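# Structure at a glance
Single-letter residue listing:
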Amino acid sequence: MSVRTTEEAEPGAEDGRAGAAARKREQHGWYFYDFACSVYSTSVLTVFLGPYLTAVAKAAADSDGYVHPLGVPVRAGSYFAYTVSVSVIVAVLIMPLVGAVADRTGRKKPLLAVTAYTGAAATAGMFFLDGDRYLLGGLLLVVANAALAVSMVLYNAFLPQISTPDERDTVSSRGWAFGYTSGALVLLLNLVLYQGHDSFGLSEGEAVRICLASAGLWWGAFALIPLRRLRDRAVVREPGAGPAVSGWRQLVATLKDMRRYPLTLSFLLAYLIYNDGVQTVISQASVYGSEELELEQSTLIVAVLLVQVLAVVGALGMGRLARAYGAKRTILGSLAAWGLTLAAGYFLPARTPVWFFALAAMIGLVLGGSQALSRSLFSHLVPAGKEAEYFSAYEMSDRGLSWVGPLVFGLTYQVTGSYRDAIISLVFFFALGFVLLARVPVRRAVRAAGNPVPERI
């Protein structure tokens, strides 16, 4: 069953300067959700929570170095990676239904508010993670990570509605740039607090917990801007059961409907593979730096800060490259760079921050652009009126099905006891993703979805 907005599918159909101004206003508001939630990905998931939750788990471990959540023996060093995997599986169970309900009812904004503030509250609650409360830390991580993933379904679904086809690479890249800018700003403030915790009368653990909680407060505060500026589109809705029942029916219809667009599914498969590698690097890099390379927490913060700053440059720069060479070619180039970067990371010597900074710089230059262009490219492959449903599938690839990478990383470490072996195992995801994406005829895929083909894609 197709659900379409009562407005034209093409945002450019709005007449005159008033329509263009309204679209720009929504775009500016849309950027600020990246600005709001990216501090979670940066300060919490990438920098502080991995090493801190690992330390908490080690404090609760038995004499053999194992914790036992729900009676299952888990090496304390693998607990964080496994918890990330669980959070993504939870998100998988929720995202398709939320996407179907959003398209069915047209009420993306209220759903975005619920998921955003659920995630923000769970993140703020990490202030209470101390001692040996590894189970509390795992629970809050699962809730926050799953809420972020579901909120991104709704956020991304606005992109085709607030931008014309030729604007999408630019709008998507600017959204990522806003996110990396806020991540860098908050991380800089976190660095000041963490480095000077003694002068503030705080222990190191208290400083980390404040940094974790501050990300939740930031997320909740700046989420108000997109919630004020974005607007829901009315939908043509058949009379019948309530939203929950209709949502389940629409979910089944969506899964059947996606088989009509095999080229869109081919892109999703490629994205699922290579983005699994991206998400795993983001979530496990600080653990690799602290546990394998024996780097100080302050070094890790500076490295991630460098990633954030260069990711802004990379996102905007790769957006320009996409206008010249097309999004697909630019993404393929970034995947090759990812593989080379991880290969270099395997050989990094321990206790040498300068080489870790060089690795961080390489990651930063390709991180923002590869994510932004993948999002904008997929937006061309979505049939009109099914944005949230299809972006739920995309988000399952983006965060929802990105549990294989952390699982492989955790299992590799559990078997070998080496984080170097764990990090090099991720090269496979980028190599296979490159091959699969190279085989997707994107122009034909855009036409098959019923959308206009941009001049360069």
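Rules of the game
- Residues numbered from 1 in each chain as written.
- Predicted model: local features only at pLDDT ≥ 70, side-chain atom pairs only at ≥ 80, totals over all residues.
- Heavy atoms only, no water.
- 1 Å grid on protein atoms, 1.4 Å probe; cavity = no way out; pocket = protein on both sides within 12 Å on 5 of 7 lines; lining within 4 Å.
- Points joined across faces, edges and corners; volume = space filled by probe spheres on them.
- Nonpolar A, V, L, I, M, F, W, Y, C, P; charged D, E, K, R; others polar.
- Helix = DSSP H or I, 4+ residues; strand = E, 2+ residues; numbered from the N terminus.
- Buried < 20%, exposed > 50% of the residue type's maximum accessible area, 1.4 Å probe, protein only.
- Polar contact = N/O pair within 3.5 Å; in protein donor to acceptor, adjacent residues only side chain to side chain.
- Contact = heavy atoms within 4.5 Å.
- Axes fitted to C-alpha atoms, helices over the stretch in contact; angles between N-to-C directions.
- Parallel < 35°, antiparallel > 145°, perpendicular 65-115°, else oblique.
- Left-handed = near helix turned anticlockwise from the far one by under 90°.

Here we come to empty space enclosed by the protein. For the coordinates displayed, the defined rule picks out four cavities of 30 Å³ or more. The space that makes up the largest cavity amounts to roughly 640 Å³. Lining the largest cavity are 44 residues, and of these Thr46, Gln279, Val281, Ile282 and Ser283 lie nearest its centre. For the lining of the largest cavity, a count of residues per class yields 27 nonpolar, 15 polar and two charged. Empty space within the second largest cavity amounts to approximately 40 Å³.

Checked against the element boundaries, serine 290 lands in helix H10 (residues 262–292). The buried category is assigned to serine 290, whose relative accessible area is 18%. At 3.3 Å, the side chain of serine 290 and the backbone oxygen of valine 287 are in polar contact. Those residues in contact with serine 290, other than ones at most four positions away along the chain, are Pro51, Leu295 and Leu300.

Axis separation between helix H2 (residues 79–105) and H10 bottoms out at 11 Å; the angle between their running directions is 170°. In terms of axis orientation, H2 runs roughly antiparallel to H10. Contacts between H2 and H10 pair Phe80, Ala81 and Val84 from the former with Ser283, Gln284 and Val287 from the latter. Looking at the contact of H2 with H10, its residues break down into four nonpolar, two polar and no charged.

Below, the discussion takes up the environment of tryptophan 30. Structurally, the position occupied by tryptophan 30 is in helix H1 (residues 16–60). Sequence separation between tryptophan 30 and proline 226 is 196 residues; the distance between their C-alpha atoms is 5.3 Å. Non-local contacts of tryptophan 30, meaning those with residues more than four positions away in its chain, are made with Tyr155, Phe158, Leu159, Ile162, Val171, Ser172, Gly175, Leu230 and Arg375. Among the polar contacts made by the side chain of tryptophan 30, one reaches the main-chain carbonyl oxygen of tyrosine 155 at a distance of 2.8 Å.

As a packed pair, H10 and helix H15 (residues 404–416) sit with axes 8 Å apart at the nearest point and diverge in direction by 55°. One element, H10, and the other, H15, form an angle in the oblique class. In the packing of H10 onto H15, the handedness of the crossing is right-handed. Residues Asp276, Thr280 and Gln284 of H10 lie in contact with H15, whose contacting residues are Val404, Gly405, Pro406 and Phe409. For the contact of H10 with H15, the per-class residue count stands at three nonpolar, three polar and one charged.

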